[in-house]
Every structure is written in C-alpha cells, then in structure tokens.
Amino acid sequence: MEGVTVPLVRVKEKYQVTLPASVRRKAGLAVGDLLEANVKGKKITLTPKSVVDRELALALEDVRKGRVYGPFSSAKEVIQSLHREAKKLRKR
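Residues numbered from 1 in each chain as written. Predicted model: local features only at pLDDT ≥ 70, side-chain atom pairs only at ≥ 80, totals over all residues. Heavy atoms only, no water.

Q: What is the right way to read the overall build of the protein chain from this model?
A: Helix and strand content of the protein chain: three helices and two strands. Helices and strands in the protein chain line up, N terminus first, as α-β-β-α-α. Taken over C-alpha atoms, the radius of gyration comes to 25 Å for the protein chain, far larger than the 12 Å a tight globule of 92 residues would show. Taken along its principal axes, the extent of the C-alpha atoms in the protein chain is 70 × 25 × 25 Å. (Helix = DSSP H or I, 4+ residues; strand = E, 2+ residues; numbered from the N terminus. Rg over C-alpha atoms; globule rule 2.2 N^0.38 Å.)

Q: In this structure, what is going on with a nonpolar patch on the surface? I would like to understand it.
A: Taken together, the side chains of Val9, Val11, Tyr15 and Val17 define a hydrophobic patch exposed on the protein surface, amounting to about 420 Å² of accessible area. By the secondary structure assignment, Val9 is in the segment before helix 1 (21-27). Note on Val9: relative accessible area 36%, which makes it partly exposed. (Patch = residues over 30% accessible without salt bridge, like charges linked within 9 Å, V, L, I, M, F, W, Y side chains within 5 Å. Areas by Shrake-Rupley, 256 points an atom, 1.4 Å probe, with all protein chains shown as cover. Salt bridge = Lys/Arg side-chain N within 4 Å of Asp/Glu carboxyl O. Buried < 20%, exposed > 50% of the residue type's maximum accessible area, 1.4 Å probe, protein only.)

Q: Even after reading the chapter, I still don't get unusual backbone geometry, so can you show me in this structure?
A: Look at the link from Gly70 to Pro71: it is a cis peptide, with omega at 10°. Within the secondary structure, Pro71 is located in the loop between helix 2 (54-64) and helix 3 (75-91). Residues other than glycine seldom take positive phi values, yet Tyr15 does so here, at roughly 60°. Residue position: Tyr15 is located in the segment before helix 1.

Q: Would you mind showing me how to read the pattern of salt bridges here?
A: Side chains that differ in sign of charge can pair as their charged atoms come close. For the coordinates displayed, the defined rule picks out five salt bridges. Of the charged contacts in the structure, one is a salt bridge between Lys49 and Glu36, with a shortest N-O distance of 3.9 Å. With Lys49 in strand 2 (residues 43-49) and Glu36 in strand 1 (residues 34-40), this pair connects stretches of sequence that are 13 residues apart. Take Glu36: its relative accessible area is 34%, and that puts it in the partly exposed class. Across the pair Arg67 and Glu61 runs a salt bridge, and its minimum N-O distance is 3.9 Å. Take Glu61: its relative accessible area is 29%, and that puts it in the partly exposed class.

Q: Can you help me understand the side chain of Ser81 in this one?
A: Counting through the fold element by element, Ser81 comes out in helix 3. Its relative accessible area of 7% is what places Ser81 among the buried residues.

Keep in mind that these numbers describe shape and distance, not what the molecule does.
If you want it as structure tokens, here you go:
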C-alpha cells in the first residue's frame, strides 16, 4: 500500500476501538449502526449490516413466494377481494 495512509486504531482497556472519521465516512456509518465482525486468521473484517424486523422478514417472504393479493386501485377492489377469499374459505 505504498503512498496510501492507513489509519491505525488502538484497542482500548475494554477492547473498544474507535473508527477514524475518514473510515466512518467512506463506509457510510452512523451512530447506532450495526457491524458484523468476522475473523479469518489474524484479520478482522467489520461489515455494516441492517437488521430486519421479524414480522417484516415474514412479510417479505410472503411477497417472494407470491402469497399476496393486489395491487388494488381502490378500496372497493380490496373489499371485493376479501369477500372472494372469505367465500373460498367457507367452502373448505
């Protein structure tokens, strides 16, 4: 890495480290963001991660598997669809 300044980070008493501002800006980090820590040999890699709420994750799975209704262009269409589905359930 000739000619490139690499910021050094010190491990503090409680094994805490502070990421230099230049590193935080380049990674687009903000206070409260989560980082996934991976170790390979003696190398530690921190990767920004987003956490998805469990209910949202389940809903996204339904969308991926086609278990959705709509889109609807009006409230009337939604109600009609609900009535159709309720009729199917009653027939079971």
